[in-house]
Each structure stands twice: as structure tokens, then as C-alpha cells.
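Breakdown of the fold
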Amino acid sequence: FSRESADDKSAAPDVSFAAVSTAKQQELARQARAMHEEWVATVGAGRVSADAAAFVVQKVRERCVVLANELAQNAITVEEHNDQRFVMTMAMRRLIDSGGEERASRIIAREMHDLFVDSPPLPHPKYRFTFDWVSPHANAWKSDLAHIAGKPNIRALEVGCFEGQSACWFLDNVLTDPTSRLTCVDPFAIPMDSTLLRYFEGYFDANVAASGAGERVTKLIGSSQVVLRTMAPKQFDFVYIDGSHRVGDVLQDAVLAWTVLRAGGTAIFDDYDLVDDVAAGLFARAPGRALDAFVSLLGAGAVVKRQDWQLVVQKL
């Protein structure tokens with residue numbers, strides 16, 4: 001594979017927003033690791049017991065009260081408030097990843113669910129979003145996808161949809177021609193041991209409807225590694241992959257997405273720079289490791305267009 005020269009200014013996007021996003025997301029991940037380590041220092045390492053889970057939930061709820069008071073006093077913004085709740089969600093996910101009693105996982109998973117559901121929406125005139133993980137990438141995406149923006153009969157695939165913010169951005173800024181289509185794949189649930197939490201599909205549906213282009217969106221519910229295998233090859237002009245961040249899942253998603261991407265098409269992989277190691281030597285969530293291995297095998301069939309918090313690759 002090849003990488004574009006840093007001197008090719010005509011093709012280089014404005015990466016200042018991407019750099020800010022990378023710094024922010026890295027900082028949130030750092031805070032989550034520190035919070036997880038603080039909890040483990042108190043409850044002990046190893047399998048998480050129900051008592052340990054109850055302790056963590058109590059700490060989370062105490063923190064939520066502090067954040068709510070700060071928000072009420074305008075000491076923090078809604079975005080800062082929700083980001084801090086997301087930090088607690090990531091820290092609790094690390095607890096579940098490290099293993100524990102089934103009841104403990106249920107307790108923690110339910111609290112993670114409530115942290116999302118009970119977060120206030122961000123100010124927005126059109127949509128209902130709880131978190132903004134798109135705006136920092138918008139300038140870069142405009143450059144990444146400028147060659148197909150507004151053109152007819154563009155076909156796009158998104159894996160990992162959450163509340164639909166990225167889907168709505170693509171509909172509003174790229175897939176604007178009435179003949180363009182977007183296919184969205186997501187289980188719309190979080191598996192936590194035997195617990196399956198469904199909570200953001202309604203937000204996704206409402207936001208896509210608010211875009212005014214809902215009739216051009218196909219929603220497929222299920223695991224990407226199952227759904228993508230049912231698709232005809234070489235049918236999409238661009239794919240956006242933001243599903244599971246576990247190394248094995250990322251590698252499978254990359255291979256399957258590449259199969260359904262047309263020659264000349266663009267693949268955008270989110271969270272390339274994330275490394276969330278639960279234990280020493282165990283990189284449970286590190287998309288970049290899988291993507292580096294994948295791209296290295298593509299040889300002359302691909303060119304890396306951008307590499308920061310996201311990885312953008314063109315299929316030749």
C-alpha cells in the first residue's frame with residue numbers, strides 16, 4: 001500500500017479539528033483508565049463481585065450528583081457533563097472486560113445503560129444527540145468525501161450507528177442527491193454477559209427521520225460480521241466503520257467492508273488511535289493494531305489518505 005505525501009497540499013484536509021478530537025478522546029480514555037484503576041485499588045483486582053459492583057455504582061451515582069449540580073449552576077456545559085458520564089461508562093466497561101460474576105456484570109451494565117439514557121441532549125436545532133463525536137471530524141470528512149458529495153447514485157455503508165449523528169451528517173453533507181442511499185448496520189444493543197441492553201435505536205430512528213431523508217436509509221439490525229457477509233461485493237462508494245473496537249472484530253469488519261467497497265471507494269475507520277488495555281499485555285480494544293495489520297496486507301491495492309484518530313484508505 002502507499003501513503004500520500006505530506007507535501008501534497010492539494011489533497012490534505014484541514015486536520016486541526018481532527019487533532020483536537022484526538023486529544024480530547026485520548027484524554028477521556030486516560031480519565032477512564034485512571035478511574036478504573038482507582039476503583040480496582042479499592043475493591044481489589046480479579047473477578048468483580050456483586051459487592052464490588054454495588055460499590056462502583058454508588059461512586060458513579062455520587063459523581064453524577066456532583067455533575068448535575070455543576071450543570072445546574074452553569075459551571076460546566078452539557079457536553080462537558082455528558083463527556084464525564086461517558087468517562088464513567090468507559091471505566092465500567094473496563095470492569096466488565098476484566099471478568100466478574102454474572103450478577104456483577106448485570107449491575108454494572110444497567111448503570112451504564114442509565115448513564116446514557118439519563119444524559120441530557122446537547123443543544124441542537126434539528127437533532128437529539130447526547131454526545132458529539134462527529135463535529136470534530138466534519139472538516140476532514142468534507143475533504144475525504146468531496147469527490148462524491150452531491151453526486152447521484154452514491155451508495156454508502158455505515159457500521160456502528162449509535163444515535164445516528166454520523167448517518168445524519170452523511171445525509172446532510174454527502175448523500176444529498178435524492179438517488180443516493182445509506183445502509184446502516186448495528187445491533188442497537190450492548191451485550192454484557194447474559195444482559196442485552198437496547199436503548200439508542202429510538203434516538204437513531206428519530207434523528208434519521210428528522211433529516212428528511214429517512215426513506216433513503218436502510219437499517220439492518222444485527223452483528224456486522226453476520227450482516228456484511230450477506231451483501232453483494234463491490235456495491236458501496238464509501239464505508240464508515242465504527243463498530244466494535246475489539247481487535248478481532250475490527251479486523252473482520254475491515255475485511256468484510258473492503259469486500260463490499262468498490263474500486264476507487266473510500267473506507268473511513270474511526271478510533272484508529274484508541275488503545276484501551278484492560279490488563280498488561282491484553283489489548284482488548286485497539287483498532288489501530290488490527291488496521292495496521294490489515295492495510296499491510298493490501299499491498300498496491302490501497303492508499304492511506306489520512307491517519308490520525310481516524311484512518312482513511314482508498315481502494316485502488
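Residues numbered from 1 in each chain as written. Predicted model: local features only at pLDDT ≥ 70, side-chain atom pairs only at ≥ 80, totals over all residues. Heavy atoms only, no water.

1. A few points about the pattern of salt bridges
When the charged atoms of two side chains lie near each other, side chains of opposite charge can form a pair. Scanning the entire structure with this criterion turns up 15 salt bridges. Across the pair Arg30 and Glu27 runs a salt bridge, and its minimum N-O distance is 2.7 Å. Taken as a pair, Arg30 and Glu27 lie in helix 1 (residues 16-43) at a separation of three residues, close to a single helical turn. The class of Arg30 is partly exposed, set by a relative accessible area of 41%. Residue Glu27 is classed as partly exposed on the basis of its relative accessible area, which comes to 32%. Two residues, Glu163 and Arg128, come together in a salt bridge whose shortest N-O distance is 3.9 Å. Of this pair, Glu163 sits in the loop between strand 2 (155-159) and helix 6 (165-173) while Arg128 sits in the loop between helix 4 (102-117) and helix 5 (138-144); the two residues are 35 residues apart in sequence, bridging distant segments of the chain. Since its relative accessible area comes to 2%, Glu163 is described here as buried. By relative accessible area, Arg128 is classed as partly exposed at 24%. (Salt bridge = Lys/Arg side-chain N within 4 Å of Asp/Glu carboxyl O. Helix = DSSP H or I, 4+ residues; strand = E, 2+ residues; numbered from the N terminus. Buried < 20%, exposed > 50% of the residue type's maximum accessible area, 1.4 Å probe, protein only.)

2. A short note on the side chain of Ser224
Residue position: Ser224 is located in helix 8 (residues 224-227). Residue classification places Ser224 among the buried residues on the basis of a relative accessible area of 10%. Apart from residues no more than four positions distant in its own chain, Ser224 is found in contact with Val159, Val185, Asp253 and Leu256. (Contact = heavy atoms within 4.5 Å.)

3. Considerations on the side chain of Asn82
Structurally, Asn82 is set in helix 3 (residues 78-97). A polar side-chain atom of Asn82 sits 2.9 Å from a polar atom in the side chain of His81. Asn82 has contacts with Ser119, Pro120, Leu122, Thr130 and Phe131, leaving out every residue within four places of it along the chain. (Polar contact = N/O pair within 3.5 Å; in protein donor to acceptor, adjacent residues only side chain to side chain.)

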